[in-house]
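# A structural walkthrough
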Amino acid sequence: MGEYNHTIDTKGRMIIPAKIREQLGEVCIVTKGLDNCLAIYTEEAWKKISAALQSQSSTKASVRALKRFVFGSAAELEYDKQGRVLIPVPLREYASLDKQAVIVGAGDHVEIWSREKYDYYDDQVAESMEELVEGLEGIML
């Protein structure tokens, strides 16, 4: 849960807030996420995603593409003594991460967004929130 603003240094390192580090555990996996953000999963959640994807038949082009998208960009994150992680260059490029980043709790995973992309996305979603919620049952905001 939560939204945190952080900077990325010139080496591609950023601090993961202590509360989120506690929830992610010592081993976590980062990969390309939807909407041009990065997604970080706990080891347990990553195993479930891996098993679900691997159970899909690779004879379908869409499955092969999704496997390449998710697995091809995945990396294990390691925390340094300051609670920073090094985001690999291809992932930083994919998410347009430069200086300012937003870390967002998204239920079963954590997302890292460029500040600019997140602000734009958040503005777009805020305008249509009523429409989005109308299509969902049993959810109250």
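These notes cover the structure that comes with them. On a predicted model such as this, the values are computed, not experimentally measured, just so you know. (Residues numbered from 1 in each chain as written. Predicted model: local features only at pLDDT ≥ 70, side-chain atom pairs only at ≥ 80, totals over all residues. Heavy atoms only, no water.)

## What about the overall build of the protein chain?
Filter applied, for reference: Helical segments are the DSSP runs of H or I of at least four residues, strand segments are the runs of E of at least two, and each set is numbered from the N terminus. Burial here depends on accessible area, computed with a 1.4 Å probe over protein chains only, as a share of the maximum for the residue type. Under 20% is buried, over 50% is exposed, and the range in between is partly exposed. What makes two residues a contact is simply this: any of their non-hydrogen atoms within 4.5 Å. The method behind every accessible area is Shrake-Rupley, applied with a 1.4 Å probe, and residues are considered shielded solely by the protein chains displayed. In this tally, Asp and Glu contribute negative charge and Lys and Arg positive charge; neither His nor the terminal groups of the chain are included. Just so you know, the charge point we use is NZ for Lys, CZ for Arg, CG for Asp and CD for Glu.
On a plain count of helices and strands, the protein chain comes out with 6 helices and 8 strands. The order of helices and strands in the protein chain, counted from the N terminus, is β-β-α-β-β-α-α-β-β-α-β-β-α-α. By principal-axis analysis of the C-alpha atoms, the protein chain measures approximately 45 × 40 × 25 Å. A buried classification covers 34% of the 141 residues belonging to the protein chain. Considering only contacts in the protein chain between residues 6 or more positions apart, those separated by 24 or more positions represent 58%. Element-wise, carbon and sulfur atoms account for 52% of the exposed surface of the protein chain, whose accessible area totals about 9,200 Å². The centroid of the 17 positive side-chain charges in the protein chain is displaced by 11 Å from the centroid of its 23 negative side-chain charges.

## Section: the pattern of salt bridges
This is how it is decided: Criterion for a salt bridge: a side-chain nitrogen of Lys or Arg within 4 Å of a carboxyl oxygen of Asp or Glu.
Tallied over the full model, the rule gives 5 salt bridges. A salt bridge links Asp80 to Arg84; the nearest nitrogen and oxygen atoms lie 2.6 Å apart. A salt bridge links Asp119 to Arg115, with the shortest nitrogen-to-oxygen separation between them at 2.7 Å. Within this pair, Asp119 and its partner Arg115 are both found in helix 5 (residues 115–127), separated by 4 residues, close to a single helical turn. What makes Arg115 partly exposed here is its relative accessible area of 22%. Each of the salt bridges in this network shares a partner with another, and the network as a whole consists of Glu3, Arg115 and Asp119.

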